[in-house]
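Structural overview for review
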Amino acid sequence: MSQVSGDVWSPVITPFGADLAPDEQRFVAHCQWLASNGVGLAVFGTNSEANSMTVAEKQALLQALVDGGIDPARVMPGTGNCAIDDCVSLTRAAVEAGCAGVLMLPPFYYKGVSDEGLFRYYSEVINRVADSRLRIYLYHIPPVTQVPLSLELIERLRDAFPGIIAGIKDSGGDWAHTQALTERFAGQDFAVYAGSERFLLDTLRAGGAGCISATANVNPAAIVELARHWQEGDADERQQRLNVVRDLFETYPLIPAMKAATAYFSGIDDWRRLRPPLVELDDQRTAELMSALKATGFQMQGVGEARHG
């Protein structure tokens, strides 16, 4: 049975100071703004520049969220690492903080690895964490990792660790694959999330859970509204409006574009900063993006305003 409304999560962009250290205060404020718009917090995802941060930095940011009054039940940290111990450390911290679950990349450096190898990796992490509260949402993003998660591997993991393997984010960009996941697993206590709001309506209609989408950082309210009203008559129109905004951001490198928009609408120019090797959007391209966004009526109402937990 399909759910009444869908879930929307954002891989939260990470603010950095002039010394490139994560800015905890701005990070918490942005998470509070997203939460106020109904968005779950998939911190330490691809668009968070997570693989440019250390485990210790991510643990400190997670603690800052808890201290800032963020409900850990709406937090799903990315914990996947190539090193098993790093993955275990961050996953254990997430479980102990009371997070809803963790989003876990496969080990992504070695290519052409077997399902057996991936099964052993996930098994080792689960057995070392050794906590029945653990909920893992697998992260399938082969355009980046070049390490796909097969349907057979997912089935094997679910059979071996029932209740712990709780879902998947499909960022393959291939609707046919997302559809295959929903057909095989939806309705079996396994949440299938699209990796972009572009597929949100189709995913919900197929029985999936919602989306975990980069541009929920900048367009949260509109995405959440579609997730809440996807069974209503204007759902296709809402989806099309989301696609227009997504298209504008995807015209540019996505992370720099989202940070440029956040800087512009918050009035906090430091939001433009990225960790190398990523670089900020230049002034000309930023102006082009802002002009195109404003022409659609796009806003980020309330972003950057002071909030208190």
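Residues numbered from 1 in each chain as written. Predicted model: local features only at pLDDT ≥ 70, side-chain atom pairs only at ≥ 80, totals over all residues. Heavy atoms only, no water.

A closer look at empty space enclosed by the protein
Put simply, the test is: Think of a 1 Å grid over just the protein atoms. A cavity is a set of points where a 1.4 Å probe fits yet cannot get out, a pocket is an open set with protein on both sides within 12 Å along at least five of seven lines, and lining residues have an atom within 4 Å of a point. Grid points are joined across faces, edges and corners, and a volume is the space filled by probe spheres set on the points. Only Asp, Glu, Lys and Arg are considered charged in this grouping, and only Ala, Val, Leu, Ile, Met, Phe, Trp, Tyr, Cys and Pro are considered nonpolar; every other residue, Gly among them, is considered polar.
The tally for this structure, following the rule as stated, stands at two cavities of 30 Å³ or more. Contributing to the lining of the largest cavity are F44, G45, T46, A50, N51, K58, G78, T79, G80, L103, L105 and Y139. A volume near 50 Å³ is recorded for the second largest cavity. Grouping the amino acids of the lining of the second largest cavity by side-chain chemistry returns six nonpolar, one polar and two charged.

Points about the pattern of salt bridges
When their charged atoms lie close together, side chains carrying opposite charge are able to pair. Our working rule: Should a side-chain nitrogen of Lys or Arg be within 4 Å of a carboxyl oxygen of Asp or Glu, the pair is scored as a salt bridge. A run of H or I in DSSP counts as a helix once it spans at least four residues, and a run of E counts as a strand once it spans at least two, with each numbered from the N terminus. The classification of residues rests on relative accessible area computed with a 1.4 Å probe and restricted to protein chains. Under 20% of the type maximum is buried, over 50% is exposed, and intermediate values are partly exposed.
Tallied over the full model, the rule gives 21 salt bridges. A salt bridge links R120 to E116; the nearest nitrogen and oxygen atoms lie 2.8 Å apart. A residue pair is termed a helical-turn pair when its members lie 3 or 4 positions apart in one helix, as R120 and E116 do in helix α4 (residues 115-129) at four residues. The partly exposed category is assigned to E116, whose relative accessible area is 31%. Between R156 and E116 there is a salt bridge, and its shortest N-O distance comes to 2.8 Å. Pair noted here: R156 is in helix α6 (residues 151-160) and E116 is in helix α4, with a separation of 40 residues, a long-range link.

Here we look at the pairing of strand β1 (residues 7-10)
Put simply, the test is: Note on pairing: two strands pair once DSSP finds at least 2 bridges between them. With the strands pointing away from the viewer, any crossover whose connection runs clockwise from the first strand over the helix to the second is right-handed.
Bridge count for β1 against strand β7 (residues 210-212) is three bridges, and the pairing is parallel. Looking at the pairing, V8 lines up with C211 of β7. Sheet analysis places β1 next to strand β2 (residues 40-41), joined by two bridges and oriented parallel. In the strand pairing of β2, S10 is matched with L41. In the classification by handedness, the crossover that spans β1, the intervening helix α1 (residues 24-36) and the parallel β2 is right-handed.

Some details on the environment of E49
Mapped onto the elements, E49 comes out in the loop between β2 and α2 (55-67). Of the residues examined, E49 reaches a relative accessible area of 4% and is grouped as buried. Separated by 35 residues in sequence, E49 and T14 have C-alpha atoms that sit 6.9 Å apart.

A closer look at the nonpolar core
How we decide: Nine residue types can take part in a nonpolar core, namely buried Ala, Val, Leu, Ile, Met, Phe, Trp, Tyr and Cys, and a core is a set of them joined through side-chain atoms within 4.5 Å. Any two residues whose heavy atoms approach within 4.5 Å are treated as being in contact.
Core analysis: the largest hydrophobic core is formed by 87 residues, its most contacted members being V43, I136, L138 and F249. In this view, L138 contacts L103, M104, Y122, L149, I154, L157, I165, G167, I168 and K169; residues no more than four positions away in its chain are not counted. Of all hydrophobic cores here, the second largest spans 13 residues; its members include W9, A42, L103 and Y137.

Observations regarding the sheet that holds strand β3 (residues 102-104)
One open sheet holds the seven strands; their spatial order is β2-β1-β7-β6-β5-β4-β3, and the pairing between them is parallel. Two strands in the sheet have a free side with no partner beyond their single neighbour: β2 and β3. In terms of strand pairing, strand β5 (residues 165-170) meets strand β6 (residues 191-194) through four bridges, oriented parallel. Residue pairing across strands places I168 opposite V192, the latter belonging to β6.

Details of the packing of aromatic side chains
As a reminder of what qualifies: Pairs were defined over the aromatic rings of Phe, Tyr and Trp, the Trp ring being its six-membered one, requiring ring centres within 6.5 Å. Orientation was assigned from the angle between planes: stacked under 30 degrees, edge-to-face over 60, tilted for the rest. Two thresholds decide whether a charge sits over a ring: the Lys NZ or Arg CZ must be within 6 Å of the ring centre and within 35 degrees of the ring normal.
Counted by the stated rule, this structure contains ten aromatic pairs. Considering the side-chain rings of Y121 and Y122, the 5.5 Å spacing of their centres and the 85° angle between planes classify their relative orientation as edge-to-face. For Y121, a relative accessible area of 5% puts it in the buried group. Classification of Y122 by relative accessible area gives buried; the value is 0%. Ring-pair connections join several aromatic residues into one group, and the members of that group are F249, Y264, F265 and F298. Above the ring of W9, the side-chain terminus of R74 is found at 4.8 Å from the ring centroid. Directly above the ring of F119 sits R156, whose terminal nitrogen or CZ lies 3.7 Å from the centroid.

Looking at unusual backbone geometry
Residues apart from glycine generally show negative phi values, whereas peptide bonds are mostly found in trans. For the peptide bond that leads from P276 to P277, omega is 15°, which places it in the cis range. Looking at the element boundaries, P277 is found in the loop between α11 (254-266) and α12 (283-295). Of note, L20 is a non-glycine position whose phi angle comes to about 70°, a positive value. Examined against the element boundaries, L20 turns out to sit in the loop between β1 and α1. Taking the relative accessible area as the measure of exposure, L20 reaches 27% and is therefore partly exposed. Even without a glycine there, the phi angle at A130 is positive, about 50°. With respect to the secondary-structure elements, A130 resides in the loop between α4 and β4 (136-140). Residue A130 is classed as exposed on the basis of its relative accessible area of 61%.

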